[in-house]
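Listed below, chain by chain, are the residues.
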Amino acid sequence: MNHTDTVELRLATPADAAAIAHIHMSSRAATMPYLPPQKRNHEQVTRWAAEVLLEECRTWVAVRGTEVLGYAGLESDVLEYLYLLPDVRRQGVGTLLLDEVKRNSPGGLRLQVFEQNTEARAFYQRHGFTVLATDDGSGNMENLPDLTLGWAPGA
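Residues numbered from 1 in each chain as written. Predicted model: local features only at pLDDT ≥ 70, side-chain atom pairs only at ≥ 80, totals over all residues. Heavy atoms only, no water.

Regarding helix 1 (residues 17-31)
- Here helix 1 is 15 residues long and its end C-alpha atoms lie 21 Å apart, about the 21 Å a rise of 1.5 Å per residue gives.
- All buried positions along helix 1 are accounted for by Ala17, Ile20, Ala21, Ile23, His24, Ser27 and Arg28. The buried side chains of helix 1 occupy one side of the element, clustering within an arc of 165 degrees when seen end-on.
- Looking at the packing, one finds that the buried side of helix 1 touches helix 2 (42-56), strand 2 (58-64), strand 3 (67-75) and strand 4 (78-84). (Helix = DSSP H or I, 4+ residues; strand = E, 2+ residues; numbered from the N terminus. Expected span 1.5 Å × (residues − 1). Buried < 20%, exposed > 50% of the residue type's maximum accessible area, 1.4 Å probe, protein only. Arc of directions from axis to C-beta. Contact = heavy atoms within 4.5 Å.)

Structural data, given as structure tokens:
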């Protein structure tokens, strides 16, 4: 059986905010150890998810049964967030979320990724994204070099 056979995608609701916060915090800690430690606690990140993410982004969640496995947040033509629980990585869940975002972005997509995040860069490259620009980190709050990636339908 394919790992994604039992995964469903749906638009996130405010009831998903705590699960999104858990995913955001655990994924960040597991996949980006070069970032400074998270200063916000679960309650604060939950409030951010409810009041900022869900208000500013069209957000999808990947769900298996009642468990939220990951989320993707799209603002206009920018993929702002794509995070998964660490133990569901490399099972197709990220691809399901990215494919849904692409379906809802007929004019193409852009995103930022830290230069050090080689796994994410490889993931996006496999899915047709190319480097549009590089930055020395002065434009992000972490002050880490990043890349702007882009995807165009049919490219």
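What to know about the confidence of the model for the chain
- When pLDDT is averaged along the chain, the result is 90; 97% of the residues meet or exceed 70.
- Taken element by element, the predicted model of the chain shows its lowest mean pLDDT in strand 6 (residues 130-135) (90) and its highest in strand 2 (96). (pLDDT = per-residue confidence, 0-100.)

Topic: the packing of aromatic side chains
- What the rule picks out here adds up to five aromatic pairs.
- Note on Tyr71 and Tyr81: the rings are 6.4 Å apart at their centroids and 35 degrees apart in plane angle, and the pair reads as tilted. Of the two residues, Tyr71 sits in strand 3 while Tyr81 sits in strand 4, which places them 10 residues apart along the sequence.
- Each ring, one from Tyr124 and one from Phe129, has its centre 5.3 Å from the other, and the planes form 70 degrees; the classification is edge-to-face.
- A residue is classified by how much of its surface remains accessible, and Phe129, at 5% relative accessible area, is buried. (Phe/Tyr/Trp six-rings, centres within 6.5 Å; stacked < 30°, edge-to-face > 60°.)

Quick word on the pattern of salt bridges
- One pass over the structure, following the stated rule, counts six salt bridges.
- Residue Arg47 is joined to Glu43 by a salt bridge in which the shortest nitrogen-to-oxygen separation is 3.7 Å. Residue Arg47 and its partner Glu43 are located together in helix 2, separated by four residues, close to a single helical turn.
- What makes Arg47 partly exposed here is its relative accessible area of 38%.
- Here Arg110 ties to Asp77 by a salt bridge, and the two come within 3.0 Å at their closest N and O atoms. Placement of Arg110 in strand 5 (residues 109-114) and of Asp77 in the loop between strand 3 and strand 4 is noted, with a sequence separation of 33 residues between them.
- Looking at Asp77, the relative accessible area reads 30%, which means it is partly exposed.
- In this structure, a network of salt bridges that share partners links the residues Arg89, Arg90 and Glu119. (Salt bridge = Lys/Arg side-chain N within 4 Å of Asp/Glu carboxyl O.)

A few points about helix 4 (residues 118-126)
- Of the positions making up helix 4, those classed as buried are Ala120, Phe123 and Tyr124. Seen along its axis, helix 4 keeps its buried residues to an arc of 90 degrees; they face one direction. Away from its buried face, by an angle of more than 90 degrees, helix 4 presents the exposed residues Thr118, Gln125 and Arg126.
- Buried residues in helix 4 make contact with strand 4, helix 3 (93-103), strand 5 and strand 7 (146-151).
- Looking one or two places after helix 4, you find Gly128, whose phi comes out positive at around 90 degrees.

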